Amino acid sequence: MIVSPMGTPEHGRSAMQLYRALLPCIDARGWEAFTGNVDVCAEGPREPLVPDFVLAPVDCPRWGLRELLSSGLVLVAEVVSAGSVREDREEKPRVYARGNVPMMLVIDPVASPPAVSLFGDPEDGRYQTVTQVTMGKPLHLPEPIDFDLDTAIFLP
């Protein structure tokens, strides 16, 4: 199981800010969102992960009682902290792509400059598209979300 070290309050705040920003989409589409307390089973490699944020349809298939199946998700997000750089930037994108998670958002306040990256179009165990913006710039989250995320919400 890939679990990043415990984050700071700022780490948790970023996940909650994402939740608040996406709440209109969540409500309009009848989705569920989690900031912790849910595991993801990456189909294929069957690797369990603990994302910082998960967006899923209400009827997302499960693996056991706690794990949501990766291919049924809409988006996962990871917030990079000093102790999770390698896991969040390198390891987790590979596992999520192999599990066919449609989109992965990486909120990276420890990058220089701070950045937000969107990984999409998983194919053959790799994300085919990566869009990165400097934190503070807008980032479009494509269908089925179709939302312009103001990444300034992640600035201190």
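First, a word on what this report is: a plain description of the structure on this page. (Residues numbered from 1 in each chain as written. Predicted model: local features only at pLDDT ≥ 70, side-chain atom pairs only at ≥ 80, totals over all residues. Heavy atoms only, no water.)

Our next topic: the sheet that holds strand β6 (residues 67-69). Strand order in the open sheet formed by 4 strands is β3-β2-β6-β5, with mixed pairing between adjacent strands. Of all strands in the sheet, those with a lone pairing partner are β3 (47-49) and β5 (62-63), marking the two edges. Taken together, the 3 bridges between strand β2 (residues 39-42) and β3 define a ladder with antiparallel strand orientation. Considered in β3, the bridge of A42 is made with E47. Contacts between helix α2 (residues 85-98) and the sheet are confined to β2 and β3, with β3 contributing the most and set at about 120° to the helix. (Pairing = 2+ DSSP bridges. Helix = DSSP H or I, 4+ residues; strand = E, 2+ residues; numbered from the N terminus. Contact = heavy atoms within 4.5 Å. Axes fitted to C-alpha atoms, helices over the stretch in contact; angles between N-to-C directions.)

Let's shift gears to α2. End to end, α2 covers 20 Å across 14 residues, agreeing with the expected 20 Å (1.5 Å per residue, within 8%). K92 marks where α2 bends most, by close to 40°; the proline P93 follows one to four residues later. Residues of α2 that are buried include every one of E87, D88, E91, K92, P93, V95, Y96 and A97, and no others. At its buried positions, α2 is contacted by β2, β3, β7 (75-79), β8 (103-108), β9 (115-123) and β10 (126-134). Phi turns positive, to about 60°, at N100, one or two residues after α2. (Expected span 1.5 Å × (residues − 1). Bend = angle between axes of the 7 residues up to and from the residue. Buried < 20%, exposed > 50% of the residue type's maximum accessible area, 1.4 Å probe, protein only.)

Moving on to the sheet that holds β8. Ordered in space as β1-β4-β7-β8-β9-β10, the 6 strands form an open sheet in which the pairing is mixed. Sheet topology places β1 (31-34) and β10 at the edges, where each strand pairs with a single neighbour. Shown here is a sheet whose adjacent strand axes are inclined to one another by a mean of 15°, direction ignored. Sheet topology places strand β4 (residues 53-57) next to β7; 3 bridges connect them, and they run antiparallel. Bridge assignment links V54 to a residue of β7, and that residue is V76. Packing against the sheet, helix α1 (residues 9-29) makes contact with β1, β4, β7 and β8, and its axis sits at approximately 15° to β4. The strands that α2 touches are β7, β8, β9 and β10; relative to β8, the one it contacts most, it runs at about 170°.

Time to look at unusual backbone geometry. Residue P113 is bonded to the preceding S112 through a cis peptide linkage, with omega at 0°. With respect to the helices and strands, the residue P113 is situated in the loop between β8 and β9. Omega for the bond connecting E143 with P144 falls within 30 degrees of zero, at 10°, which places this linkage in the cis form. Structurally, P144 can be placed in the loop between β11 (138-141) and β12 (147-150). A positive phi angle, close to 60°, is found at N37, a residue other than glycine. Counting through the fold element by element, N37 comes out in the loop between β1 and β2.

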